[in-house]
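An overview of the molecular structure
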Amino acid sequence: MRAETEFLKVEVEGSIPARFEKIVAAFPDKPAIRSTEIDLTYRQLNEAANRLAFAILAERAEAEEPVAYLLEQGADPLVTFLGILKAGKIYIPLDPTFPRDR
């Protein structure tokens, strides 16, 4: 038997940051990230992503340019991903394991 979750059309068509904000509102103190280095609740993850979004907007404002970030292990890539999306920017992940000529 396969379990399926039905999503409302408005949720599917919504933005990732908007959907994440709903999760934060519903579960602010629940663990969002747990690793050997860091534990973050949904509220803490959201606050970190918001700080990054504000910093991006302060630096780049309305510029329609992508934001590149270096993929790493841990919580930082998720904070970065959410922060870039919350700033309304396009992101370009850079993988340090790719050969230099790429």
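The shown structure was predicted, so the numbers you read here are calculated from the model rather than taken from an experiment. (Residues numbered from 1 in each chain as written. Predicted model: local features only at pLDDT ≥ 70, side-chain atom pairs only at ≥ 80, totals over all residues. Heavy atoms only, no water.)

Section: a nonpolar patch on the surface
Residues L70, I92 and L94 make up a contiguous nonpolar surface patch of roughly 250 Å² in combined accessible area. Mapped onto the fold, L94 is located in strand β4 (residues 91-94). A relative accessible area of 41% means that L94 is categorised as partly exposed. (Patch = residues over 30% accessible without salt bridge, like charges linked within 9 Å, V, L, I, M, F, W, Y side chains within 5 Å. Areas by Shrake-Rupley, 256 points an atom, 1.4 Å probe, with all protein chains shown as cover. Salt bridge = Lys/Arg side-chain N within 4 Å of Asp/Glu carboxyl O. Helix = DSSP H or I, 4+ residues; strand = E, 2+ residues; numbered from the N terminus. Buried < 20%, exposed > 50% of the residue type's maximum accessible area, 1.4 Å probe, protein only.)

Overview of helix α2 (residues 16-26)
All buried positions along α2 are accounted for by P17, F20 and V24. The buried residues of α2 all sit within an arc of 60 degrees when viewed along its axis, so they share a single face. When the buried face of α2 is taken as reference, the exposed residues oriented beyond 90 degrees from it are K22 and A25. Looking at the buried residues of α2, the elements they touch are α3 (42-60) and α4 (76-86). Two or three places before A18, at the opening of α2, S15 has a side-chain oxygen 3.1 Å from that residue's backbone nitrogen. (Arc of directions from axis to C-beta. Contact = heavy atoms within 4.5 Å. Polar contact = N/O pair within 3.5 Å; in protein donor to acceptor, adjacent residues only side chain to side chain.)

Here's the deal with the packing of aromatic side chains
Aromatic ring pairs are described here by two measures, namely the spacing of the ring centres and the angle between the planes. Tallied over the entire structure, the rule returns three aromatic pairs. Relative to Y91, the ring of F81 lies with its centre 5.0 Å away and its plane at 85 degrees, an arrangement referred to as edge-to-face. Remark: Y91 occurs in strand β4 and F81 occurs in helix α4; sequence separation between them is ten residues. F81 gets classed as buried once you look at its relative accessible area, which sits at 18%. In this structure Y91 comes out as partly exposed when scored by relative accessible area, which is 31%. Through successive ring pairs, a cluster of aromatic residues spans Y69, F81 and Y91. (Phe/Tyr/Trp six-rings, centres within 6.5 Å; stacked < 30°, edge-to-face > 60°.)

As for the nonpolar core
Taken as a class, soluble globular proteins show a tendency for nonpolar side chains to be buried jointly. Core analysis: the largest hydrophobic core is formed by 18 residues, its most contacted members being L40, L45 and L82. Elements that contribute at least two residues to this core include exactly α2, α3, β3 (67-70) and α4. Not counting residues within four places of it along the chain, the set of residues in contact with L45 comprises F20, A32, I33, L40, L78, V79 and L82. (Core = buried A, V, L, I, M, F, W, Y, C linked by side-chain atoms within 4.5 Å.)

Observations concerning the side chain of T80
Positionally, T80 belongs in helix α4. The class of T80 is buried, set by a relative accessible area of 19%. With near-sequence residues (within four places) excluded, T80 lies in contact with L52 and Y69.

Digging into the packing of α2 against α3
In the contact formed by α2 and α3, the axes pass within 9 Å of each other and the chain directions differ by 140 degrees. Taken together, the axis directions place α2 and α3 in an arrangement best described as oblique. As α2 packs across α3, the resulting crossing turns out to be left-handed. Where α2 abuts α3, its residues F20, E21, I23 and V24 lie against Y42, R43, L45, N46 and N50. Among the residues forming the contact of α2 with α3, the class breakdown is five nonpolar, two polar and two charged. (Axes fitted to C-alpha atoms, helices over the stretch in contact; angles between N-to-C directions. Parallel < 35°, antiparallel > 145°, perpendicular 65-115°, else oblique. Left-handed = near helix turned anticlockwise from the far one by under 90°. Nonpolar A, V, L, I, M, F, W, Y, C, P; charged D, E, K, R; others polar.)

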